[in-house]
Amino acid sequence: MAPDVFELIRERLAADVREASVSHGILVLVLAPETLPGTVERLKSEFQFDLFLDVTAVDWPGQTPRFEVVYHFYSTAHRVRVRLKTRVPEADPAVGSLVPLYGSARFMERECHDMYGIVFRGNDDLRPILLYEGFVGHPLRKDYPKRAEQPLVPYRD
Amino acid sequence: MAARTIPIHPAPSSAFEYLTTKKDELVGWARKFSIFPYPFVTACCAMEFMSVSSTPYDTDRFGAALPRFSPRQSDLLMVVGTLTHKQAPVLRKVYEQMCEPKWVMAFGACATSGGFYQNYAAVAGIDKIIPVDIYVPGCPPRPETVIDGIMKLQDLIARSRHPILTADF
Amino acid sequence: MEPRLPNPVRAIFARTDRDDTVVVNIGPSHPATHGTIQIIAELDGEKVVRADAHCGYLHRGFEKECESHTWHNLIPYVDRLNYCSALMNDFAYCDAVEKLMGIELTPRCRVLRTLLAEYSRIADHLTCIAASLMEMGAMTAFLYLVMIRDYIYEHLADLTGARVTYTYSRIGGLACDLPAGWLARLAEILDQYEVFVGRVHGLMDRNRIFIDRTRDVGVISTADAIDWGFTGPILRSTGAPRDLRKDTPYLAYAELDFEVPVGIKGDNYDRYYVRMREMDESVHMIRQLVDMLPDGPINVDDRRCTLPEKRLVYTEIESLINHFKLIMEGPQVPAGEAYSAHEAANGELGFYIVSTGSGTPYKVHVRAPSFVHMGGAHRLMEGYQLADIIPTFGSVNMIGGECDR
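Residues numbered from 1 in each chain as written. Chains lettered and ligands numbered in written order. Predicted model: local features only at pLDDT ≥ 70, side-chain atom pairs only at ≥ 80, totals over all residues.

S.K.: Looking at this structure, how should I read the packing of helix α6 (residues 182–204) of chain C against helix α11 (residues 268–291) of chain C?
M.R.: Helices that pack against each other are described as a pair by the angle of their axes relative to one another and the distance between those axes. Residues and elements named next belong to chain C. Two elements in contact, α6 and α11, have axes whose closest approach is 11 Å; the angle formed by their N-to-C orientations is 155°. It follows from the interaxial angle that α6 and α11 lie roughly antiparallel. The way α6 lies across α11 gives a crossing that is left-handed. Across the interface between the two elements, Leu183, Leu186, Leu190, Tyr193 and Val197 from α6 touch Met276, Met279, Val283, Ile286, Arg287 and Val290 from α11. (Axes fitted to C-alpha atoms, helices over the stretch in contact; angles between N-to-C directions. Helix = DSSP H or I, 4+ residues; strand = E, 2+ residues; numbered from the N terminus. Parallel < 35°, antiparallel > 145°, perpendicular 65-115°, else oblique. Left-handed = near helix turned anticlockwise from the far one by under 90°. Contact = placed C-beta atoms within 7 Å.)

What follows is the structure, encoded as structure tokens:
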């Protein structure tokens, strides 16, 4: 069941995908950021990956491009998961938004933007969600010190 | 902000002092057994707050059962759980809206000192923002610890001065 | 006058286009928002026209904390994600790390983890149902359910030492084995559970007021639910029998006989009933697991992660150094990444971990079901009345620790 669908995906999407591998039961596809929304659209329509699980990023400060944006999808029909990874540079950390495809992308992309500063083009609502208005910086980046607090209310004495 | 403990001035006569002490005892007794908590609930300590308000650890035995979710109608602000910087203005606003006399209980390790969340997001203890009367440690505290805290708070209330007409009487 | 306090959020609508609606703010310090959620709602009389949910008031920096602790030391942080069913978070996290390290659990540990996960699920559903019923006014049902939950807490305190957040799971096993008499007490609690839940069924199921308040309120269809990322009891209440324990079995679920309850309409009543039935199924599963619990060690015999016995630590130099390195540097997890998802009480709880080969993680990300549900919560509230927000919100079971991390 799982290997068949994976083989099919690897065949059909071979043009857009840079690398494909299977890691602990999940198909991992590495793409360029430009081809990402198109690939997700095809995964959703052709392979029934209807549940968008998660989007997050990993900060590799020594490497260029610096940020690796990681997506997870689940197919309720085939009962398998797929992971999509793409790299964006620090100077322009932008990738296309998945809001037109999945409603759940709204909040998850806001969180990724909050924590790492990844810009999702097409998501017009990138307000801080876990952080607050007036917070400067993106705390999950490796160069943000863990204890750098930005209090909203002045401390007593 | 005005001082919360009012020093006892030497009274003009010992009879007057006797009356005010008795008045303080009476008012203290009434206030300590009719605490209206405002459970400012944020995190995991809420589970223990639910346990301590219901059977078998009932806070109703101490008169402290009925929560009042309006700051104007409550007198004990129980900050239950971690306070984050995003939530801090909300806590400050609620504290300022409460009327005197009011007491604050820091329920749990995170409210007391930030717990083990020493990072950019959590305030390291609510006493950085509002004055606290009683600290209840634990992560989360057992219901017995909370009840011990309430009883100590009741002792505090019984011992303190309760001016009802003017600043001194 | 003191200066105005800053506003930590910015609403997407501060004033409305229509002149017959009003914008109100509900929360974040509110009795019925289960913690700290702010809902800014545009009301046309009593009807909610638009709702904008703001979370993040409990963002405690979980991911950043994880990067500065060893793989073992961050288990207390993981506990406090979904604090109503803390053991399930522990097990899901340890499963992700064990996957990356290539560790296979001992049979006894597998069955015990399954048993405790189901036990935690019962505690979580009890909390959710008790809180939502109390907010609708059913104080008696609340007290019955919280009584059972208290028995469960005391029972787990016998096993783990703590009532609410346990830190009981370890990479490759568990902290300690069952004490004597634990299983007998478990059987007593399950019997008592059935008595009390029977009474709550009697009070609630055909209660005219309860039905009026929850039937056809907060309705969502299966397609919408999947689009907005709902999983767990909410998705099952719409009629879709999606459950990771059946679809992609893990731990000992493949060997158990249980049903997946589904609802019919996707409204609040269905979510209440699905959770009640799920608790019954959990009790059924626990009874089967008690019968099939094998003997043997609970920790895998792998010195990369399991602490050696104290007796050896004090006598042999190799065990001493092993113990020292495991505590000070943490278990060395090979470089790579893994995503592991469990069916938690709220839905799919996933941990995505990235390791660069050392004893501290490079990244630990949790895919929290409550956070995704909050993204879609406005769909459940729009079109219904202001007073419906409370039971709907209760039935979504948003847990602040998990939502905001």
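S.K.: Sorry, what's going on with the interface of chain B and chain C here?
M.R.: How big an interface is tends to be expressed through the accessible area that disappears when the partners come together. The interface is formed by 31 residues belonging to chain B together with 31 residues belonging to chain C. Elements represented by at least two residues in the side of chain B that touches chain C include exactly β1 (37–41), α2 (45–53) and α3 (88–97) of chain B. Its residues assigned to classes, the side of chain B that touches chain C comprises 18 nonpolar, 8 polar and 5 charged. (Nonpolar A, V, L, I, M, F, W, Y, C, P; charged D, E, K, R; others polar.)

S.K.: Help me understand the sheet that holds strand β2 (residues 26–31) of chain A in this model?
M.R.: The pairing of strands in a sheet happens through backbone hydrogen bonds and is either parallel or antiparallel. Residue and element names in this part refer to chain A. What the 5 strands build is an open sheet, ordered β1-β2-β5-β4-β3; its pairing is mixed. At either end of the open sheet lies a strand with only one pairing partner, and these are β1 (17–23) and β3 (51–59). Neighbour to neighbour, the strand axes of the sheet diverge by 20° on average, direction disregarded. Relative to strand β5 (residues 80–88), β2 runs parallel, the two being bridged by 5 bridges. When the sheet's bridge partners are listed, Leu27 is paired in β5 with Val82. Against the sheet, helix α2 (residues 36–47) contacts β2, β4 (67–75) and β5, and its axis sits at roughly 170° relative to β5. Set on the sheet, helix α3 (residues 105–116) makes contact with β3 and β4; between it and β3 the angle comes to about 5°. (Pairing = 2+ DSSP bridges.)

S.K.: I tried to follow unusual backbone geometry on my own but got confused; where do I start?
M.R.: Of note, the amide linkage connecting Thr64(A) to Pro65(A) takes the cis form, showing an omega dihedral of -5°. Tracing the backbone through its elements, the reader meets Pro65(A) in the loop between β3 and β4. A cis amide bond links Cys139(B) with the next residue in sequence, Pro140(B), at an omega value of -10°. Inspection of the secondary structure assignment puts Pro140(B) in the loop between β4 (134–136) and α5 (143–159). Of note, Arg79(A) is a non-glycine position whose phi angle comes to about 60°, a positive value. Locating Arg79(A) in the fold gives a position in the loop between β4 and β5. The residue Leu251(C) is not glycine, and still its phi comes out positive at about 45°.

Fair warning: the whole summary comes from geometry, so function is off the table for now.
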